[in-house]
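# Per-entry structural report
Spelled out, the chains give:
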Amino acid sequence: MTQIKPFLSDNAAPVHPRLWEAMKAADSADNPYEGDALSAELDARFTDLFGRECAALWVATGTAANCLALATLCQPHGGVVCHEEAHIEVDEGGAPGFYLHGAKLMLCSGEGAKLTPEGIAALIDPIRDDVHQVQPHAIAITQASEYGRTYTPAELAALSDFAKARGLGLHMDGARFANAAAYLGGSAADAAHGVDSLAFGFIKNGGMSAEAVVLFDPEAAALVKYRRKRAGHLQCKGRYLAAQILAMLDGDLWLENARHANAAAQEIVAGCTDRLLHPVEANEMFLRLTPQEREALRVQGFAFYDWGDNLARFVTAWDTREEDAAALGKAIASL
């Protein structure tokens, strides 16, 4: 039997051993919910990481992290500007509307699934300032984007300045935030420059059931705590989520894992850049491949998703084996 070489999603990767160790170490009596010693460390650890005061809360899913953060920035009668292919629009099953009590997603286009001030302005400037039209309250961007593109600090600064000038909140979906930060050189502050809130993803990067809602307005955390409880995401044994997050931050494991995944992606595309739909700036690759070419790869044991009639998506992870990445690169180059 041909051995499966997995490139479906970093969601499919196993939990990093150091996180299992951290959860085992947390396996003793402590206060329930978020009253434990580990959860109490999160604010200070993230404040140190980003170099500016923030509050951090654990949740079990990226969907909850995004929606709880957005609910602090957008009223039910308002709108959130996002890319037309943003995860909150395409892959959240209507969760933003549920958590935001009917607030509208206002869809914007942009190359590489990225937004620009000019693109947002073209969308919202024609909106009349009256009660008959939904008014924008916030902007949501994804770092790295749905096509694996990374916002630079300069691009983030431009979006932040635009948002502030228009009185809009700026949220970042960071499901692959670590991969973007690794690509930019390893600074969490640079990769989240100027945003008001961040869904810091850990599950795709070696976690099991822990994501962080990072709020750069610490006072907003009080509101999110009530919303988290109401949404059913206040876990009674939250120390196990906090343990995972802290273990990822310890020794910059979050960056180490992301750098490995990014390097594996670069190994794959080194010989097939003419097939790339987008530059590879994180750990996702979108390649032009015919149905016959995709079948030839699957026969060799490579697992990946089709992405349209003549496209395929490949995703590397913290545990991608170097030999599998090299083999995939060679297989694609030989098609």
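Residues numbered from 1 in each chain as written. Predicted model: local features only at pLDDT ≥ 70, side-chain atom pairs only at ≥ 80, totals over all residues. Heavy atoms only, no water.

### Structural notes on helix α9 (residues 177–184)
Counting buried positions along α9 yields six of eight residues, so the element is predominantly enclosed. The secondary structure elements touched by the buried residues of α9 are α3 (42–50), β6 (169–174), α10 (188–191), β7 (197–200) and α13 (253–269). Just downstream of α9, Gly 185 is the residue with a positive phi angle, here 120°. (Buried < 20%, exposed > 50% of the residue type's maximum accessible area, 1.4 Å probe, protein only. Helix = DSSP H or I, 4+ residues; strand = E, 2+ residues; numbered from the N terminus. Contact = heavy atoms within 4.5 Å.)

### Quick look at a negative patch on the surface
Where like charges cluster on the molecular surface, the negative patch consists of Asp 43, Glu 53, Asp 196, Asp 217 and Glu 219. Along the chain, Asp 43 turns up in helix α3. Residue classification places Asp 43 among the partly exposed positions, given a relative accessible area of 34%. (Patch = residues over 30% accessible without salt bridge, like charges linked within 9 Å, V, L, I, M, F, W, Y side chains within 5 Å. Areas by Shrake-Rupley, 256 points an atom, 1.4 Å probe, with all protein chains shown as cover. Salt bridge = Lys/Arg side-chain N within 4 Å of Asp/Glu carboxyl O. Lys, Arg positive; Asp, Glu negative; His and termini not counted. Charge placed at Lys NZ, Arg CZ, Asp CG, Glu CD.)

### A closer look at the sheet that holds strand β2 (residues 55–59)
In space, the seven strands of this open sheet follow the order β2-β8-β7-β6-β5-β3-β4, with mixed pairing throughout. Here the strands that pair on one side only, and so sit at the sheet edges, are β2 and β4 (104–108). Taking each pair of neighbouring strands and ignoring which way they run, the sheet shows an average axis angle of 25°. In the sheet, β6 pairs with β7 via four bridges, with the strands oriented parallel. Note on β7: the bridge partner recorded for Asp 173 is Ala 199. In the packing of helix α4 (residues 62–73) onto the sheet, contacts are made with β2, β3 (78–83), β5 (135–142), β6, β7 and β8 (211–215), and the angle to β6 comes to roughly 175°. (Pairing = 2+ DSSP bridges. Axes fitted to C-alpha atoms, helices over the stretch in contact; angles between N-to-C directions.)

### Describing the environment of Ala 140
Its place among the elements puts Ala 140 in strand β5. Expressed as a C-alpha distance, the spacing of Ala 140 and Leu 105, which sit 35 residues apart in the sequence, is 9.5 Å. In this view, Ala 140 contacts Leu 70, Val 80, Val 81, Cys 82, His 83, Ile 88, Leu 115 and His 171; residues no more than four positions away in its chain are not counted.

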